[in-house]
Amino acid sequence: MSSKQEPSVLRVARDGDKEDRPAPVDLGVRVRELRKDRDWTLEQAAKKAGLARSTLSKIENGQMSPTYEALKKLAEGLEISVPQLFTPASNPRVNGRLAVTKNGEGTPHPTVTYEHHMLADNLTQKSMLPYHARIRARSFEEFDGWVRHEGEEFLYVLTGEIRLYTEFYAPVEMRRGDSAYYDGAMGHNVISISPEDATLLWVTSL
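We now turn to the structure provided with this report. Predicted model, so just to flag it, every value in this text is computed and none were measured. What you see as residue numbers is a count from 1 along each chain, following the sequence as written. Residues qualify for local features only when their pLDDT is at least 70, as the model is predicted, and side-chain atom pairs are given and counted only at 80 or more; totals for whole chains, interfaces and linings, by contrast, use all residues. Computation of side-chain values: all heavy atoms of the structure, hydrogens and water removed.

## Comments concerning the overall build of the protein chain
Next up, step 1: For the protein chain, the helix and strand inventory stands at five helices and nine strands.
Next up, step 2: The order of α-helices and β-strands along the protein chain, N terminus first, is α-α-α-α-α-β-β-β-β-β-β-β-β-β.
Next up, step 3: The burial tally for the protein chain puts 32% of its 206 residues in the buried class.
Next up, step 4: Only heavy atoms enter the contact rule, under which two residues are in contact if any of them lie within 4.5 Å. Long-range pairs, those at least 24 residues apart, make up 60% of the contacts in the protein chain between residues at least 6 apart in sequence.
Next up, step 5: Only the protein chains shown count as cover for residues, with accessible areas throughout obtained via the Shrake-Rupley method and a probe of 1.4 Å. If you sum the accessible surface of the protein chain, you get close to 13800 Å²; carbon and sulfur atoms cover 51% of it. Strands here are runs of E lasting at least two residues and helices are runs of H or I lasting at least four, both read from the DSSP assignment and numbered beginning at the N terminus. Relative accessibility thresholds used throughout: buried, under 20% of the residue-type maximum; exposed, over 50%; partly exposed, between the two (1.4 Å probe, protein chains only).

Next comes the structure, spelled out in structure tokens:
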């Protein structure tokens, strides 16, 4: 049998030490939190769940233990699964974010080798940075060394043909419909190998 140490998650799952276990979730507090996250009144949430307002109020205030059928209705009304009713809330999140960038819009950031148009530029605190790129470069020598940055990156070829250079892999030629996902910290550059400038959809994690 291998003596390799078990991952910490498995050790915690098998450990009997109660200090390592998360505190149980207060159902009433969790339900109220989920309702307020959606900016719903008691009446609105009760109607969506098919429960009486008084029943929902008692659940939120810890005055009654709901049956499993009531939990199912509540979860369906909140559009989550039953286990999520007992899962602690994660980091604060913003609900209902939307940014539409029409064709030809986007904040331009032209360079000698690329011309980027930043998409969804009006949203702050994004988890990813999407942009439309026109590839002007025709040779690796046009770059001042490798491009590197934190995070991961995804590219999708929209038009034309490109050659993707990466620090640890052989160059790859790609055409419309091809895509690549790679580590942004690994040196990378892209050139167009078609007569016209190739265009890409590029998405970088932040």
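## Focus on the pattern of salt bridges
Side-chain pairing between opposite charges can occur once the charged atoms of the two side chains come close.
Next up, step 1: Any Lys or Arg side-chain nitrogen located within 4 Å of an Asp or Glu carboxyl oxygen qualifies as a salt bridge. Scanning all chains against the criterion turns up nine salt bridges.
Next up, step 2: Put simply, glutamate 161 and arginine 175 hold a salt bridge, and the shortest N to O gap is 3.6 Å. Of this pair, glutamate 161 sits in strand β5 (residues 161-166) while arginine 175 sits in strand β6 (residues 169-175); the two residues are 14 residues apart in sequence, bridging distant segments of the chain.
Next up, step 3: Between arginine 163 and glutamate 173 there is a salt bridge, and its shortest N-O distance comes to 2.7 Å. Of this pair, arginine 163 sits in strand β5 while glutamate 173 is found in strand β6, placing the two residues ten residues apart along the sequence.
Next up, step 4: Of the residues examined, arginine 163 reaches a relative accessible area of 21% and is grouped as partly exposed.

## Describing the packing of helix α2 (residues 27-37) against helix α4 (residues 53-60)
Next up, step 1: Orientation is described by axes fitted as lines to C-alpha atoms, over the contacting stretch for helices, and by angles from 0 to 180 degrees between their N-to-C directions. Direction vectors running N to C along α2 and α4 enclose 120 degrees, while the axes themselves pass 7 Å from each other. On the basis of their axis angle, the class for α2 and α4 is oblique. Between α2 and α4, the residues in contact are Leu27, Gly28, Val29, Val31, Arg32 and Arg35 and Leu56, Ile59 and Glu60, respectively.
Next up, step 2: Basically, the charged four are Asp, Glu, Lys and Arg, the nonpolar ten are Ala, Val, Leu, Ile, Met, Phe, Trp, Tyr, Cys and Pro, and anything else, Gly included, counts as polar. Here the contact of α2 with α4 is composed, by residue class, of five nonpolar, one polar and three charged. Angle categories: roughly parallel below 35 degrees, roughly antiparallel above 145, roughly perpendicular from 65 to 115, and oblique for all the rest.

## So, the pairing of strand β2 (residues 114-118)
Next up, step 1: When you tally the buried positions in β2, you get five out of five residues, the bulk of the element.
Next up, step 2: Neither face of β2 is left uncovered, since the one carrying Tyr114, His116 and Met118 and the one carrying Glu115 and His117 both have all their residues buried.
Next up, step 3: In the sheet, strand β1 (residues 107-110) pairs with β2 via four bridges, with the strands oriented antiparallel. Bridge assignment links histidine 109 to a residue of β2, and that residue is histidine 116.
Next up, step 4: Hairpin geometry of β1 and β2 is characterised by an intervening segment of three residues between the two adjacent antiparallel strands.
Next up, step 5: Pairing analysis gives five bridges linking β2 to strand β3 (residues 128-135), with the strands arranged antiparallel. When the sheet's bridge partners are listed, methionine 118 is paired in β3 with tyrosine 131. When DSSP locates at least two bridges between a pair of strands, those strands are taken to pair.

## Concerning the sheet that holds β5
Pairing between sheet strands relies on hydrogen bonds along the backbone, with the strands arranged either parallel or antiparallel.
Next up, step 1: Read across the sheet, three strands follow the order β6-β5-β8 without closing on themselves; strand pairing throughout is antiparallel. Every interior strand has two partners, whereas the edge strands, β6 and β8 (188-192), have only one. The sheet shows a mean angle of 20 degrees between the axes of neighbouring strands, taken without regard to direction.

## Concerning the nonpolar core
Next up, step 1: By size, the foremost hydrophobic cluster in this structure holds 21 residues, and its most contacted members are Ile135, Leu155, Ile162, Val190, Leu200 and Trp202.
Next up, step 2: When sequence neighbours within four positions are dropped, the list of residues in contact with isoleucine 135 reads Thr113, Tyr114, Val190, Ile191, Ser192, Asp197, Ala198, Leu200 and Trp202. Nine residue types can take part in a nonpolar core, namely buried Ala, Val, Leu, Ile, Met, Phe, Trp, Tyr and Cys, and a core is a set of them joined through side-chain atoms within 4.5 Å.

## A word on helix α3 (residues 42-49)
Next up, step 1: Burial in α3 covers these residues: Leu42, Ala45, Ala46 and Ala49. Burial along α3 is one-sided: seen end-on, the buried residues are contained in an arc of 100 degrees.
Next up, step 2: Buried residues along α3 sit in contact with α2, α4 and α5 (68-78).
Next up, step 3: Within two residues after α3, glycine 50 carries a phi angle of roughly 70 degrees, on the positive side. Note that the arc is computed from the directions linking the helix axis to the C-beta atoms.

## Things to note about the sheet that holds β2
Next up, step 1: In space, the six strands of this open sheet follow the order β1-β2-β3-β9-β4-β7, with antiparallel pairing throughout. Here the strands that pair on one side only, and so sit at the sheet edges, are β1 and β7 (179-183). Strand-to-strand twist of the sheet, defined as the mean angle between neighbouring strand axes without regard to direction, takes the value 25 degrees.

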